[in-house]
Amino acid sequence: MKLYWFNSPNPQKVRLALAELGTPCEVELVDLFKGQNRTPGYLALNPSGRAPTLDDNGFILWESNAIVAYLGDRERRLWPLDARGRADALRWMFFQSQHVTDALTGRVFNMVAKAKLGLPPDHDAIKRSNEAIPGVLALLEGHLAKSRWMLGDEFSLVDCCYLPGLNALAMTHYHLKDYPKVSAYLANGAERPSWQAAGMIDFERAFAIPKTD
Ligand SMILES: N[C@@H](CCC(=O)N[C@@H](CS)C(=O)NCC(=O)O)C(=O)O
């Protein structure tokens with residue numbers, strides 16, 4: 001199995017899932033900062049030109065949450081295998097990929113990736129993101145008040161889909177402390193051995209941005 005990845009939130013979901021499952025996988029860097037996601041070779045694998053992409057012995061799959069779901073079905077662990085459990089997992093993964101990503105991206109992309117590239121931030125995008133973030137965080141706060149992990153008492157692969165984005169948001173010095181359950185959820189995720197194994201700590205070091213306000 002081979003994962004084409006970059007150390008950014010969507011590929012990190014898959015690295016976390018692989019680390020949690022203990023599934024051996026070769027990892028090849030697709031350096032987004034160098035445009036390696038736009039080469040003809042990479043586009044032939046993943047026409048969306050984004051990371052991650054998984055190659056499981058010739059089965060090519062892109063879209064991070066689809067890859068995580070595939071790994072859950074393949075390994076049959078940390079993943080519900082009954083119809084309702086799976087629907088619940090997919091519900092939270094679709095919500096993450098649509099609404100959480102929509103809300104967070106303007107802030108994270110402009111304050112983390114663009115800062116790293118030395119590009120000027122799009123302040124309108126940050127403003128729109130700041131307006132959208134409280135809605136999704138309030139929903140997650142309500143859910144996590146009743147549930148230690150996204151699917152209940154036990155960690156699951158769905159958590160691998162939520163933690164990287166929340167971590168990137170924390171790196172923008174967002175006032176996550178106003179959402180104590182979300183903060184605790186992120187802290188608990190970061191304490192798991194998979195965090196280090198997936199290179200999340202390297203990501204934090206590489207993208208550490210100073211607090212300015
Ligand atoms: N919906 C896709 C989004 C993938 C995505 O946007 N990945 C980012 C890195 S976190 C990327 O490759 N960006 C490069 C680009 O958009 O050109 C997924 O979940 O895999």
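**As for the overall build of the chain**
Here comes step 1: Tallying secondary structure elements over the chain gives 9 helices and 4 strands in all.
Here comes step 2: Along the chain, helices (α) and strands (β) appear in the sequence β-α-β-α-β-β-α-α-α-α-α-α-α when read from the amino end.
Here comes step 3: In terms of C-alpha radius of gyration, the chain reaches 17 Å, essentially the compact-globule figure of 17 Å for 213 residues.
Here comes step 4: With the principal axes as the frame, the chain shows a C-alpha extent of 50 × 45 × 25 Å.
Here comes step 5: Of the contacts formed within the chain by residues at least 6 apart in sequence, a portion of 66% connects residues at least 24 apart.

**Quick notes on helix α4 (residues 83-117)**
Here comes step 1: Its 35 residues give α4 an end-to-end C-alpha distance of only 44 Å, which falls more than 12% under 51 Å, the value for a rise of 1.5 Å per residue.
Here comes step 2: By the largest-angle criterion, Thr101 marks the main kink of α4, which is about 50°.
Here comes step 3: Phi turns positive, to about 70°, at Gly118, one or two residues after α4.

**Concerning the packing of α4 against helix α5 (residues 123-144)**
Here comes step 1: Remark: α4 packs on α5, axes separated minimally by 8 Å, with the N-to-C direction vectors making an angle of 140°. In terms of their interaxial angle, α4 and α5 are classed as oblique. Here α4 and α5 pass one another in a crossing that is left-handed. Side by side, α4 and α5 meet where His99, Val100, Asp102, Ala103, Leu104, Thr105, Gly106, Arg107, Asn110 and Met111 of the first sit next to Ala125, Ile126, Arg128, Ser129, Asn130, Ala132, Ile133, Gly135 and Val136 of the second.

**Focus: unusual backbone geometry**
Here comes step 1: Going from Ala51 to Pro52, the amide bond is cis rather than trans, its omega being 15°.
Here comes step 2: Along the polypeptide, Pro52 turns up in the loop between α2 (40-45) and β3 (53-56).
Here comes step 3: Notably, Asn57 is not glycine yet its phi reads approximately 55°, a positive angle.
Here comes step 4: Although it is not a glycine, His173 adopts a positive phi angle of roughly 65°.
Here comes step 5: Mapped onto the fold, His173 is located in the loop between α6 (157-171) and α7 (180-190).

**As for the domain arrangement of the chain**
Here comes step 1: With domains assigned, the chain is organised as domain 1 (2-75) and domain 2 (83-207).
Here comes step 2: Spacing between the C-alpha centres of domain 1 and domain 2 amounts to 19 Å.
Here comes step 3: On the domain 2 side, the residues contacting the 15 residues of domain 1 number 20 residues.
Here comes step 4: Listing elements by their share of the side of domain 1 that touches domain 2, those giving two or more residues are α1 (9-21) and α3 (64-75).
Here comes step 5: Residues belonging to the side of domain 1 that touches domain 2 are distributed by class as follows: 8 nonpolar, 4 polar and 3 charged.

**What to know about the pairing of strand β2 (residues 26-29)**
Here comes step 1: As defined by bridge partners, strand β1 (residues 2-5) adjoins β2 across 4 bridges and the pair is classed as parallel. Looking across to β2, one finds that Lys2 is bridged to Glu26.
Here comes step 2: As for the winding sense of the linkage, the β-α-β connection from β1 through α1 to β2 is right-handed.

**A short note on the pairing of β1**
Here comes step 1: Pairing of β1 with β3 involves 3 bridges; the strand directions are antiparallel. Note on β3: the bridge partner recorded for Tyr4 is Thr53.

**Some remarks on the sheet that holds β3**
Here comes step 1: One open sheet holds the 4 strands; their spatial order is β2-β1-β3-β4, and the pairing between them is mixed. The open sheet is flanked by β2 and β4 (59-62), the only strands paired with a single partner. Each strand axis lies, on average, 20° off the axis of its neighbour in the sheet, ignoring direction.
Here comes step 2: Summarising the sheet, β3 and β4 pair through 4 bridges and their orientation is antiparallel.

**Concerning the nonpolar core**
Here comes step 1: Counting residues in hydrophobic clusters, the biggest one holds 54 residues, and the most contacted among them are Val14, Ala17, Val68, Leu157, Val158 and Val182.
Here comes step 2: Going through the elements one at a time, β1, α1, α3, α4, α5, α6, α7 and α9 (200-207) are the ones with two or more residues in this core.
Here comes step 3: At 10 residues, α4 tops the list of elements feeding residues into this core.
Here comes step 4: Taken domain by domain, the makeup of this core includes at least three residues from each of domain 1 (2-75) and domain 2 (83-207).
Here comes step 5: Setting aside residues up to four positions removed in sequence, Ala17 forms contacts with Val68, Leu71, Leu157 and Cys160.

Conventions used here
Residues numbered from 1 in each chain as written. Predicted model: local features only at pLDDT ≥ 70, side-chain atom pairs only at ≥ 80, totals over all residues. Helix = DSSP H or I, 4+ residues; strand = E, 2+ residues; numbered from the N terminus. Rg over C-alpha atoms; globule rule 2.2 N^0.38 Å. Contact = placed C-beta atoms within 7 Å. Expected span 1.5 Å × (residues − 1). Bend = angle between axes of the 7 residues up to and from the residue. Axes fitted to C-alpha atoms, helices over the stretch in contact; angles between N-to-C directions. Parallel < 35°, antiparallel > 145°, perpendicular 65-115°, else oblique. Left-handed = near helix turned anticlockwise from the far one by under 90°. Domains from an automatic or database assignment. Nonpolar A, V, L, I, M, F, W, Y, C, P; charged D, E, K, R; others polar. Pairing = 2+ DSSP bridges. Right-handed = clockwise from strand over helix to strand, strands pointing away. Core = buried A, V, L, I, M, F, W, Y, C linked by C-beta atoms within 7 Å. Buried ≥ 20, exposed ≤ 12 C-beta atoms within 10 Å, placed from the backbone.

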